[in-house]
Amino acid sequence: MVARTPERIVQDMSERRGRGAKLRAKLEKNRDRNWLLALTTHSFGKFAEKQRLSDLEKTLVSAFLDNGYTEEELRTLGEASELMPQNVRQDVYPGRFARLDVKSSYSFDDLRKDAPDIVRSTLAMPNLTVVDADEAHKAKVSAKELPRLNKRAVAEYGAEFLVVQAPSVSAAAAPNGFFTIKATEFRCNDETGADFWGSDEPYWIFATLAEGTTVTTKSRTFGDVDSGDRRTFSAADGNIWGPNGGAQRFPEGQIGTMIQLWEHDHGDPEKIRKGVAAAFAAAAGVLAASGVAAWIGAVVAGVGAVVHELLAFLDDDLIGEQTFVFHTTTLAKQVRNVGDTQTMTRRFTDGDGDYTLTIVTTRTGN
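Residues numbered from 1 in each chain as written. Predicted model: local features only at pLDDT ≥ 70, side-chain atom pairs only at ≥ 80, totals over all residues. Heavy atoms only, no water.

Draft legend 1. The arrangement of the overall build of the protein in detail. Within the protein, the regular secondary structure consists of 12 helices and 11 strands. A separation of at least 24 residues holds for 77% of the contacts in the protein among residues at least 6 apart in sequence. A total of about 15000 Å² of accessible surface is found on the protein, and carbon and sulfur atoms cover 48% of it. (Helix = DSSP H or I, 4+ residues; strand = E, 2+ residues; numbered from the N terminus. Contact = heavy atoms within 4.5 Å. Areas by Shrake-Rupley, 256 points an atom, 1.4 Å probe, with all protein chains shown as cover.)

Structure below.
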């Protein structure tokens, strides 16, 4: 089967045809987080048309150029995005973001004005759970006991978000100690498609944003994965916090992490990793330049939408996504002593494939 062109993918989405219908349904369900996607595709469209870019639009374009995208690739993505009919834009983009075109300008000043509404609408999404850190500490709630959506809701949205609100100011300093956060294994509960059609070839993308720094890694592609199979990550794979698996101190403030599960089809997994890295670099730029405090959850959730649509152009299949935003103090209280570990499992499903990922946080030293 020949890989689809970006133009064909946009057409399929607009006409609710084939895999495009699935992509559009997920974008519609997650509409309130799609503001960053709208801004990114809008910026690419202006870049393709050689229109003058605002400060924010330049930041988004530069983030992708600095992370391995060529000018020609951005023009192709921009031209394809411009083919999206207005009625589809209104279905998948929130409010004023659906009305942006290549003659419009959207700046950081505009974003600062819109930020409160963006945060409110994102945190009110049905597939986003907000946990009060202070109350969780009082109740001695462990990571494995944190609230989560049921399988049907996860499959319907294709993405789940968990935001743990910052603890009280007195407890907000950077915690002492060295920590790792690592995916250790996954189980294939149900492979994509009918079992007799062949095995899955899944791979995982891990992206983390903290203190303006982003790290994005990709696991190897696991071949011949069938329903019921369990696979483990090597020391080089699955690292969410700690470079190359080594322990690292937590910074003060929040950590935002997005984990995505992809089924390898016709796309290039390394190109998808670069796309996620570019989207996170853009998010870091937005956070740094907007001057808006305490909205990392809305920004990281927004990154997921950028990845979901733009990387669909690379023609691999996104099975599921999980986004976590934790304050570092909250994480440290889950593993108080050297050698302590905390295990959390999360489900990744789009209603077809269904996988469970195990994540372990460890305190390795003081």
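Next comes the rest of the write-up.
Draft legend 2. Focus on the pattern of salt bridges. Inspection of the entire model under this criterion finds 20 salt bridges. One salt bridge connects Arg17 with Glu15, and the closest N-O pair in it is separated by 2.9 Å. By relative accessible area, Glu15 is classed as partly exposed at 43%. Across the pair Arg33 and Glu321 runs a salt bridge whose closest N-O atoms are separated by 2.8 Å. Of this pair, Arg33 sits in the loop between α2 (19-29) and α3 (35-48) while Glu321 sits in strand β9 (residues 317-327), placing them 288 residues apart in sequence. Since its relative accessible area comes to 1%, Arg33 is described here as buried. Shared partners join several salt bridges into a network, and the residues in it are Arg8, Asp12, Glu15 and Arg17. (Salt bridge = Lys/Arg side-chain N within 4 Å of Asp/Glu carboxyl O. Buried < 20%, exposed > 50% of the residue type's maximum accessible area, 1.4 Å probe, protein only.)

Draft legend 3. The side chain of Thr323, seen in detail. As for its position among the elements, Thr323 is in strand β9. Judged by relative accessible area, Thr323 falls into the buried class, the value being 2%. Within the structure, the side chain of Thr323 is placed 3.4 Å from the side chain of Glu321, a separation counted as a polar contact. The contact partners of Thr323, leaving out residues within four places of it in the chain, are Glu160, Phe161, Leu162, Thr257, Met258 and Val300. (Polar contact = N/O pair within 3.5 Å; in protein donor to acceptor, adjacent residues only side chain to side chain.)

Draft legend 4. Region of the structure containing the pairing of strand β4 (residues 202-210). Counting buried positions along β4 yields 9 of 9 residues, so the element is predominantly enclosed. Of the pairings in the sheet, the one linking β4 to strand β8 (residues 254-263) comprises 9 bridges and is antiparallel in character. Across the sheet, residue Leu209 finds its bridge partner in β8, namely Gly256. Pairing geometry for β4 and strand β5 (residues 213-218), over 6 bridges, is antiparallel. (Pairing = 2+ DSSP bridges.)

Draft legend 5. Fine view of α3. With 14 residues, α3 should reach 20 Å at 1.5 Å per residue; the first-to-last C-alpha distance of 20 Å fits that figure. Here α3 lies mainly inside the structure; 14 of its 14 residues are buried. A positive phi of about 60° marks Lys50, the residue just after α3. (Expected span 1.5 Å × (residues − 1).)

Draft legend 6. Layout of the pairing of β9. For β9, the tally of buried residues reaches 11 of 11 residues, placing the bulk of the element in the interior. Relative to β9, β8 is paired through 10 bridges, and the arrangement is antiparallel. Paired with Ile255 across the bridge in β9 is Phe326.

Draft legend 7. Seen up close, helix α7 (residues 108-123). Look at α7: 21 Å from first C-alpha to last across 16 residues, which is about the 22 Å you get at 1.5 Å a residue. At Asp114, α7 shows its largest bend, some 50°, and a proline, Pro116, comes one to four positions later. All of the buried residues in α7 are Phe108, Asp110, Leu111, Asp114, Ala115, Ile118, Val119 and Thr122. The distance from a side-chain oxygen at the start of α7 to the backbone nitrogen of Asp109 is 3.3 Å, and the residue carrying that oxygen is Ser107. (Bend = angle between axes of the 7 residues up to and from the residue.)

Draft legend 8. Region of interest: the environment of Pro85. For Pro85, the position within the fold is in the loop between α5 (71-82) and α6 (86-92). Given the relative accessible area of 30%, Pro85 is considered partly exposed. Separated by 71 residues in sequence, Pro85 and Ser14 have C-alpha atoms that sit 7.2 Å apart.

Draft legend 9. Inspection of a negative patch on the surface at higher detail. Taken together, the side chains of Glu7, Glu49, Glu79, Glu82 and Asp101 present a region of like negative charge at the surface. Structurally, the position occupied by Asp101 is in the loop between α6 and α7. (Patch = residues over 30% accessible without salt bridge, like charges linked within 9 Å, V, L, I, M, F, W, Y side chains within 5 Å. Lys, Arg positive; Asp, Glu negative; His and termini not counted. Charge placed at Lys NZ, Arg CZ, Asp CG, Glu CD.)

Draft legend 10. Main features of the environment of Leu331. Turning to its location among the elements, Leu331 is positioned in helix α12 (residues 328-334). Residue classification places Leu331 among the buried positions, given a relative accessible area of 9%. Residue contacts for Leu331: discarding those within four places in its chain leaves Ile181, Phe250, Ile255 and Phe326.

Draft legend 11. Up close: the packing of aromatic side chains. Overall, the coordinates contain 13 aromatic pairs when judged by the stated rule. Ring plane angle 50° and centroid distance 5.5 Å describe the contact between Trp241 and Phe250, whose orientation is recorded as tilted. Summarising the burial analysis for this pair, Trp241 and Phe250 share the class buried. Through successive ring pairs, a cluster of aromatic residues spans Phe186, Trp204, Phe206, Phe222, Phe233, Phe348 and Tyr355. Its guanidinium or amino end placed over the ring of Tyr157, Lys29 lies 5.4 Å from that ring's centre, counting from NZ or CZ. (Phe/Tyr/Trp six-rings, centres within 6.5 Å; stacked < 30°, edge-to-face > 60°. Lys NZ or Arg CZ within 6 Å of the ring centre and 35° of its normal.)

Draft legend 12. Spotlight on unusual backbone geometry. A positive phi angle, close to 60°, is found at Lys50, a residue other than glycine. Even without a glycine there, the phi angle at Asp224 is positive, about 55°. Secondary-structure assignment places Asp224 in the loop between β5 and β6 (230-232). Classification of Asp224 by relative accessible area gives exposed; the value is 56%.

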